[in-house]
Amino acid sequence: MTCNKTADFLIIGGGIIGVMMACQAKRRHPGARVVLIEKESQLALHASGRNSGVLHAGFYYSTDSLKARFTREGNERLRAYCVERSLPINGCGKLVVANDETELETLGKLYRRGKENGVDIHEISAAEAREIEPRIKTFERALYSPTTASVDPKAVMDALARDAAALGVELRVNNAYLESRNGKVETSEGSWSVGYVINAAGLYADRIAKDFGFGESYAIIPFKGLYLYSDEPVSAFRANIYPVPDLRNPFLGVHITLTASGRIKIGPTAIPCLWREHYDAFHNFSFRDLREIVPRELGLWWRNEFDFRRLAFEELRKYSRKHIVTLASRLATGIEPGRCRHWGAPGIRAQLYDTRNRKLVMDFRFEGDDRSFHVLNAVSPAFTCALPFTEFMFDHIDGLLNKSVRASGYRLRRLQNIVGEKGGDHMQAIGGDGMGPQ
């Protein structure tokens with residue numbers, strides 16, 4: 001198509017970060033034309049609509065990380081949002097259990113992190129844990145997080161999309177980003193002249209960032225997550241049950257999760273994918289992705305970075321229902337294979353990999369300047385953190401735009417009348433490495 005369109009802010013990606021960034025743009029700059037494009041026929045068809053639905057409390061993350069900074073507040077605000085909008089929410093809390101004496105040290109470390117992060121967290125005895133959840137198995141003690149909750153991600157996303165539309169954000173589905181060329185953004189719906197681009201494309205964020213000169217030392221490695229559902233009644237469990245995690249790994253291990261409606265699921269897996277949307281069989285097969293991702297994963301296997309071989313082998317074993325039920329049985333009594341028959345819809349985690357330093361990026365990561373902004377790593381608990389995290393990122397965007405306007409007068413002609421008074425510069429994300437599971 002040759003049609004040329006214009007926008008003050010163009011947001012790429014219709015997940016929770018993209019929708020919230022669009023809302024931030026419109027709230028801060030009411031006179032701006034804010035357009036969000038999404039390649040699918042609906043918003044949130046990928047990670048934001050397929051995640052576990054757990055609102056994390058914030059005790060896993062080191063105090064110098066952005067995750068620690070925003071999880072507790074994000075949990076409070078999103079729980080309040082669900083109550084205000086009468087959206088499904090299950091305030092079931094979470095128990096973290098120890099398998100044996102060797103895990104008590106890590107349990108204590110998580111407790112101290114939670115306290116440092118201002119999280120409502122309690123170290124309790126095994127007897128006290130059984131009062132909360134009678135079926136629990138734990139060695140001597142456990143952690144209890146009363147603010148952990150479960151929501152319906154699809155219901156939350158539908159409500160946020162309605163908010164965005166009510167603010168005046170233009171939500172354009174079936175409109176895929178193609179490339180940035182000659183100062184314009186080319187999409188399947190036509191060519192756009194844009195004041196500012198915000199890339200919140202999840203699985204494709206690294207590729208889009210490179211079109212704008214960012215993310216050169218980063219690449220996405222996709223991991224598939226599957227939950228196995230139990231047909232036990234909704235009253236069978238009272239709380240989420242998680243194992244003590246290995247803080248060297250980016251994943252939390254197999255756990256027992258209650259959905260917003262009270263259904264029971266165990267998992268997830270974290271299986272390396274061969275292409276970005278490798279949900280099942282050859283769904284959305286991409287030869288381009290295959291050429292990029294498989295050599296990267298083979299390199300990780302060969303060099304065994306962050307113990308990748310063990311991690312990949314353990315995750316592939318979780319394809320077995322028997323094995324994943326065995327892992328869940330370490331957490332609680334009465335987990336019967338015959339009652340765990342149905343796999344839920346898979347989700348894919350867009351995990352950022354630092355190609356220069358050869359390590360997984362454990363914290364949120366973003367880069368930008370006065371023309372574009374790129375959310376490179378928005379893995380879990382990004383859904384929990386979305387409200388304060390997008391405010392934080394947009395503070396940076398406003399600063400970058402204001403500095404550009406002051407320095408170059410009318411160069412950003414369409415944006416000069418809508419920005420505020422904050423300072424800024426070319427920047428990257430701040431914060432630690434996360435220091436633990438996501």
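Residues numbered from 1 in each chain as written. Predicted model: local features only at pLDDT ≥ 70, side-chain atom pairs only at ≥ 80, totals over all residues. Heavy atoms only, no water.

(A) Region of interest: the side chain of Arg276. Position of Arg276 relative to the elements: it lies in the loop between strand E18 (271–272) and helix H8 (287–303). Residue class for Arg276 comes out buried when judged on its relative accessible area of 1%. Here Asp206 takes part through its side chain, which lies 2.8 Å from a polar atom of the side chain of Arg276. Among the polar contacts made by the side chain of Arg276, one reaches the side chain of Glu292 at a distance of 2.9 Å. Sequence-distant contacts of Arg276, defined by excluding residues within four places in its chain, comprise Leu203, Tyr204, Asp206, Arg207, Ile220, Pro222, Asp289, Glu292, Ile293 and Ile348. (Helix = DSSP H or I, 4+ residues; strand = E, 2+ residues; numbered from the N terminus. Buried < 20%, exposed > 50% of the residue type's maximum accessible area, 1.4 Å probe, protein only. Polar contact = N/O pair within 3.5 Å; in protein donor to acceptor, adjacent residues only side chain to side chain. Contact = heavy atoms within 4.5 Å.)

(B) Fine view of the pattern of salt bridges. In total, this model carries 28 salt bridges according to the counting rule given. Note that Asp289 is salt-bridged to Arg276, the shortest N-O span being 3.1 Å. In this pair, Asp289 is assigned in helix H8 and Arg276 in the loop between E18 and H8, connecting sequence segments 13 residues apart. Of the two residues, Asp289 and Arg276, both sit in the buried class. (Salt bridge = Lys/Arg side-chain N within 4 Å of Asp/Glu carboxyl O.)

(C) How the structure looks around the packing of helix H1 (residues 16–28) against helix H6 (residues 153–167). One can describe the packing of H1 onto H6 by two numbers: an axis separation of 10 Å at closest approach and a directional angle of 25°. Here H1 is positioned roughly parallel relative to H6, judged by the angle of their axes. As H1 packs across H6, the resulting crossing turns out to be left-handed. For the pair formed by H1 and H6, the contact residues are Ile16, Val19, Met20, Cys23, Lys26 and Arg27 on the first element and Met157, Leu160, Ala161, Ala164 and Leu167 on the second. (Axes fitted to C-alpha atoms, helices over the stretch in contact; angles between N-to-C directions. Parallel < 35°, antiparallel > 145°, perpendicular 65-115°, else oblique. Left-handed = near helix turned anticlockwise from the far one by under 90°.)

(D) Local environment of unusual backbone geometry. Following Gly267, the chain continues to Pro268 via a peptide bond in cis, the omega torsion being 0°. Tracing the chain through its elements places Pro268 in the loop between strand E17 (264–267) and E18. That bond from Ser380 to Pro381 is cis: its omega, 15°, falls within 30 degrees of zero. With respect to the secondary-structure elements, Pro381 resides in the loop between strand E23 (372–377) and helix H11 (382–408). The backbone of Glu140 sits at a positive phi, close to 70°, despite the residue not being glycine. Locating Glu140 in the fold gives a position in the loop between helix H5 (126–132) and strand E7 (141–145). Not every positive phi belongs to a glycine, and Asn174 is a case in point at roughly 55°.

(E) View of the sheet that holds E18. An order of E18-E13-E20-E21 is seen for the four strands of this open sheet, with the pairing classed as antiparallel. The strands lining the two open edges of the sheet, one partner per strand, are E18 and strand E21 (359–360). Each of strand E13 (218–225), E18 and strand E20 (347–354) is contacted by H8, which is oriented at about 85° to E13, the strand it contacts most. (Pairing = 2+ DSSP bridges.)

(F) How the structure looks around the nonpolar core. Residues Phe9, Ile17, Ile198, Phe373, Phe389 and Met393 are the most contacted members of the largest nonpolar core, which totals 50 residues. If you list the elements that add at least two residues to this core, you get strand E1 (4–12), H1, strand E2 (34–37), helix H3 (66–84), H6, strand E12 (190–199), E23 and H11. Among the elements that make up this core, the one with the highest residue count is H11 (12 residues). If we skip the residues at most four places from it in the chain, Phe389 touches Ile17, Phe70, Phe364 and Phe366. (Core = buried A, V, L, I, M, F, W, Y, C linked by side-chain atoms within 4.5 Å.)

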